[in-house]
Structure formats: structure tokens, C-alpha cells
Amino acid sequence: MNTVTASPVRVALMADVAGLRASRAIAVDDTATFARLSGAAKETLRLASAISSAQDALTAYAIAEARADLDKLFSKFGDITVTVTTPAGEQPNAIQSRYTIVYDARAYHANTRQSDFAKRTVNGFGALDREAMAYLVTRKPEAIPSIIMDLAPETRKQLLIGTLRQCAGGT
């Protein structure tokens, strides 16, 4: 076996080469990191814009989905009327008046195996089921008597929502 011993100069030069290679590898990594970080500000802006666009698309989809669900839910309702009856000798007012609500709702008939509209009548908003109340408030607000609507004409939407919640048993 031939054993060659390296001279101290050769060992020193080999150590220098190895050290320089290690330093170069670190510099290459640093250059890649610098290049990535140099574009970080632009990438942050691009991602913020992409997030905003994706959130807008998600919101639009959720709204469209909710509208479609309401359209499906409300497709089972037709005409709706509210008749106001005031006790004899009383002035019409929202509290003492009586309300008769007549509306068309789809009903399934087992003998014909079809569903068609049938008239339903309830006395008072409290007797109106939640879906029919939601239909009245959102799709047919013009059917709500003026003695109710005139209570707060500048905030009709809040009044309607409050009425819906109260009649539906909510708070």
C-alpha cells in the first residue's frame, strides 16, 4: 500500500478550497433568499388582491345561493292579503285592530299526486307560520297594512324585521 502524505501547503490549500466552496454554497442560498425576499412586497400585494377577489367571489356565491334558497322556499306561496278589522266605534290603530291574512300556499293532494295552490286563512300575524311571514315581509311588503307601516315609515325595514322576529317567536 502506497501512502502519500500531503504536504502542509497542500493541506492548507485544500482547506482553503473546501472553505471557499462552503462559503459559496451559503452565498448561493443567500442569493436565492434575497431574490425571494426582494419580490416579497410585490407578492404580498398580489396575494392581498387575490384574497380580496376570492372573498368577493365567495360572498357573491353565498348571496346567490341564499337568494336561490329563498326563491325555492317562496315558490310555494302565491298571493297574500291582509285585511284589517277595527272594533266598532274605535279608530283604526295597529294595536287594537284585528288582522286576517289570506294567502295561497302549495298543498300536496294525495289523490291526484300533485301539488297546487290552496287558500289558507289565519287570524293575526302570530298565527302566520314563519315561512309565510318571511314571504310577506320580503316579497310582498306592499300587502302589509298602512296602519302598521306608518308606525315608522323611515325605518320600515327594521320594523318589518322586528315584526317578523316577534311573530316567529324570536327576540
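Definitions and limits used
Residues numbered from 1 in each chain as written. Predicted model: local features only at pLDDT ≥ 70, side-chain atom pairs only at ≥ 80, totals over all residues. Heavy atoms only, no water. Helix = DSSP H or I, 4+ residues; strand = E, 2+ residues; numbered from the N terminus. Buried < 20%, exposed > 50% of the residue type's maximum accessible area, 1.4 Å probe, protein only. Areas by Shrake-Rupley, 256 points an atom, 1.4 Å probe, with all protein chains shown as cover. Phe/Tyr/Trp six-rings, centres within 6.5 Å; stacked < 30°, edge-to-face > 60°. Lys NZ or Arg CZ within 6 Å of the ring centre and 35° of its normal. Pairing = 2+ DSSP bridges. Axes fitted to C-alpha atoms, helices over the stretch in contact; angles between N-to-C directions.

K.L.:
Explain the overall build of the protein chain to me, please; I cannot follow it from the model alone.
P.N.:
Looking only at helices and strands, the protein chain features 5 helices and 3 strands. The order of helices and strands in the protein chain, counted from the N terminus, is α-α-β-β-β-α-α-α. Buried positions account for 17% of the 171 residues belonging to the protein chain. Within the structure as shown, the protein chain displays about 12,700 Å² of accessible surface, and the carbon and sulfur contribution to it stands at 58%.

K.L.:
I'm lost on the packing of aromatic side chains in this one. Help?
P.N.:
Geometry of an aromatic ring pair is reported as the spacing of the ring centres plus the angle between the planes. This model, assessed by the stated rule, comprises 4 aromatic pairs. Residues Phe77 and Tyr135 carry aromatic rings whose centres are separated by 5.2 Å and whose planes lie at 25° to one another, so their mutual orientation is stacked. Remark: Tyr135 occurs in helix α3 (residues 130–139) and Phe77 occurs in strand β1 (residues 77–85); sequence separation between them is 58 residues. Under the relative-accessibility criterion, Phe77 is labelled buried at 7%. On the basis of relative accessibility, which here comes to 7%, the residue Tyr135 falls in the buried class. Here the basic side chain of Arg106 rests over the ring of Phe117, its NZ or CZ set 4.4 Å away from the ring centre.

K.L.:
Can you help me understand the sheet that holds strand β2 (residues 98–109) in this one?
P.N.:
Across a sheet, strands are paired by hydrogen bonds formed along the backbone, either parallel or antiparallel in direction. Spatially, the 3 strands line up as an open sheet ordered β1-β2-β3, and their pairing is antiparallel. Each having just a single partner strand, β1 and β3 (114–123) make up the two edges of the open sheet. Averaged over all pairs of adjacent strands, the angle between strand axes in this sheet comes to 20°, irrespective of strand direction. As paired strands, β1 and β2 are joined by 7 bridges and run antiparallel to one another.

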